[in-house]
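One letter stands for each residue in the lines below.
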Amino acid sequence: MVVGDRIGCGPVAEPVIAVVGGGQLARMMAPAAGELGVHLRVLVEARGGSADQVVVDTPVGAASDEAAVRALVRPADGPAADVLTFEHEHVPNDLLADLIDSGVPVHPGPDALRHAQDKIVMRERLTALGVPCPRWAPLPRDPAEGAEALGTFLAAVGGSAVVKTSRGGYDGKGVRVVTAPDGGPDLVEDWFAGVAAGGPQLLVEEKVPFVRELAVLVARRASGEVRTWPVVESVQRDGVCSEVVAPAPGLDDATAHRAREIAVTIAEGLGVTGVLAVELFEVASDDGPRLLVNELAMRPHNSGHWTIDGSVTSQFEQHLRAVLDLLSATPARRRAGPSWPMCSGPLSTTPPTPSAPSSVSSRTPA
Ligand SMILES: Nc1ncnc2c1ncn2[C@@H]1O[C@H](COP(=O)(O)OP(=O)(O)OP(=O)(O)O)[C@@H](O)[C@H]1O
Ligand SMILES: [Mg+2]
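A brief report on the enclosed structure follows. (Residues numbered from 1 in each chain as written. Chains lettered and ligands numbered in written order. Predicted model: local features only at pLDDT ≥ 70, side-chain atom pairs only at ≥ 80, totals over all residues. Heavy atoms only, no water.)

**Quick word on the nonpolar core**
Piece 1. The biggest cluster of nonpolar side chains holds 46 residues, and the ones touching the most others in it are L84 and I266.
Piece 2. Among the domains, domain 1 (2-106) and domain 3 (212-361) are the pair contributing at least three residues each to this core.
Piece 3. Sequence-distant contacts of I266, that is, excluding residues within four places in its chain, are made with L126, V131, G271, V272, L276, V278, V293 and L296.
Piece 4. Counting residues in hydrophobic clusters, the runner-up holds 18 residues, among them I17, A33, V44 and L320. (Core = buried A, V, L, I, M, F, W, Y, C linked by side-chain atoms within 4.5 Å. Buried < 20%, exposed > 50% of the residue type's maximum accessible area, 1.4 Å probe, protein only. Domains from an automatic or database assignment. Contact = heavy atoms within 4.5 Å.)

**Some remarks on the coordination of the magnesium ion (ligand 2)**
Piece 1. Around the magnesium ion (ligand 2), the protein contributes the donor atoms E279 (OE) and E295 (OE), at 2.1 Å from the metal centre. With E279 in strand 12 (residues 274-283) and E295 in strand 13 (residues 290-297), this residue pair connects regions lying 16 residues apart in the sequence.
Piece 2. Taking relative accessible area as the criterion, E279 reaches 13% and is therefore assigned buried. (Donors = N, O, S within 2.8 Å, 3.2 Å for Na, K, Ca; no water. Helix = DSSP H or I, 4+ residues; strand = E, 2+ residues; numbered from the N terminus.)

**Focus on the site of ligand 1**
Piece 1. The environment of ligand 1 is formed by 21 residues, the closest being K119, D171, G172, E213 and E295.
Piece 2. In the model, an oxygen atom of ligand 1 is placed 2.8 Å from a nitrogen or oxygen of the K164 side chain.
Piece 3. Interatomic distance of 2.9 Å between a side-chain N/O atom of E205 and a nitrogen atom of ligand 1.
Piece 4. Against a free-state accessible area of 620 Å², the protein chains account for coverage of 90% of ligand 1.
Piece 5. Elements that contribute at least two residues to the shell around ligand 1 include exactly strand 5 (160-165), strand 7 (202-206), strand 12 and strand 13.
Piece 6. Partitioning the shell around ligand 1 into residue classes produces seven nonpolar, four polar and ten charged. (Near = heavy atom within 4 Å. Polar contact = N/O pair within 3.5 Å; in protein donor to acceptor, adjacent residues only side chain to side chain. Areas by Shrake-Rupley, 256 points an atom, 1.4 Å probe, with all protein chains shown as cover. Nonpolar A, V, L, I, M, F, W, Y, C, P; charged D, E, K, R; others polar.)

**Quick look at the pattern of salt bridges**
Piece 1. Summed over the entire model, instances satisfying the criterion amount to 18 salt bridges.
Piece 2. One salt bridge in this structure joins R135 and E206, with 3.6 Å as the shortest N-O distance. Separated by 71 residues along the polypeptide, R135 in the loop between helix 5 (119-129) and strand 4 (136-139) and E206 in strand 7 bring together distant segments of the chain.
Piece 3. Each of the salt bridges in this network shares a partner with another, and the network as a whole consists of R221, E225, R227 and D325. (Salt bridge = Lys/Arg side-chain N within 4 Å of Asp/Glu carboxyl O.)

This is the structure:
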């Protein structure tokens, strides 16, 4: 018998999901795609990278290469993609808008994505939506005006603030703490020079005296259904997320509910499709814990890797379902009551015990 003639061995029509970016987030979509019966086509930066090692269909090209992205969704020698999605947000929005105009579904769409690409756009929109954020201000592009505005902001918030590049930051690389006694605007003089030379604009935020950092993931389908996962605590070391504890230990129900409400408000308000990660600061107050939004990511996120083993539906499966507008599956934790260690890496300082929440050490991009 010819092997290819056996029942189930012939070609099977599968939906095709095109993914921009060949890092580990795209790689971790592969098992979920296999189980769902989805064909992944991933635009990888180079041969031998993380996703290229496990995904079969991996054209090589840069996310900024218009021809490469167009060929990803409409290849000369293969089926057109049913949807285009991403493992990072660094994709030209004009091109995405153009692809939508030509009939390609893009999830999340550029109107949502720009809030994860630009922290000034994100802060403006969240403020308009009434979502709680740290006090913040955009800094004028002109270096002298920018320095003056920063000085005024520092005085208003008590002498210590966080200056950020609005675009392109990751792993804390676009984040600098600035204190008035140490020189204030002088500490970001080189960044002002970068802005003047055409670099991304800067913004400043109050330095939030947070008790801890939390994250909440939500998945939203194009047709509107939203599902959230339990809120987690995330621990950053040197600007990098190094540990995630799920669910966040000791988080009271009302605060957890509020965190999930914030995530749903943002997902719906911004029209996000796919997985949205909302990074939060928990701040102590006389009225109980307060939550402020730090930033957004519109894709699977390293605060959600625990869902691979710890949740009925992983963030990767849910992302693929959501961008195809398939009925979502339950994001509930697999076990009620005490949870268990999923893995502990060299950065974990709190070895999980059988009665502790799940803890994942992570070095993946946030
Ligand atoms: N306003 C703030 N107040 C206090 N700490 C802050 C503030 N903003 C950022 N941080 C700290 O810096 C870290 C990195 O900031 P942020 O998430 O904005 O930067 P990023 O480089 O874009 O991060 P990521 O790696 O998550 O993409 C935060 O997780 C937090 O620990
Ligand atoms: Mg962050």
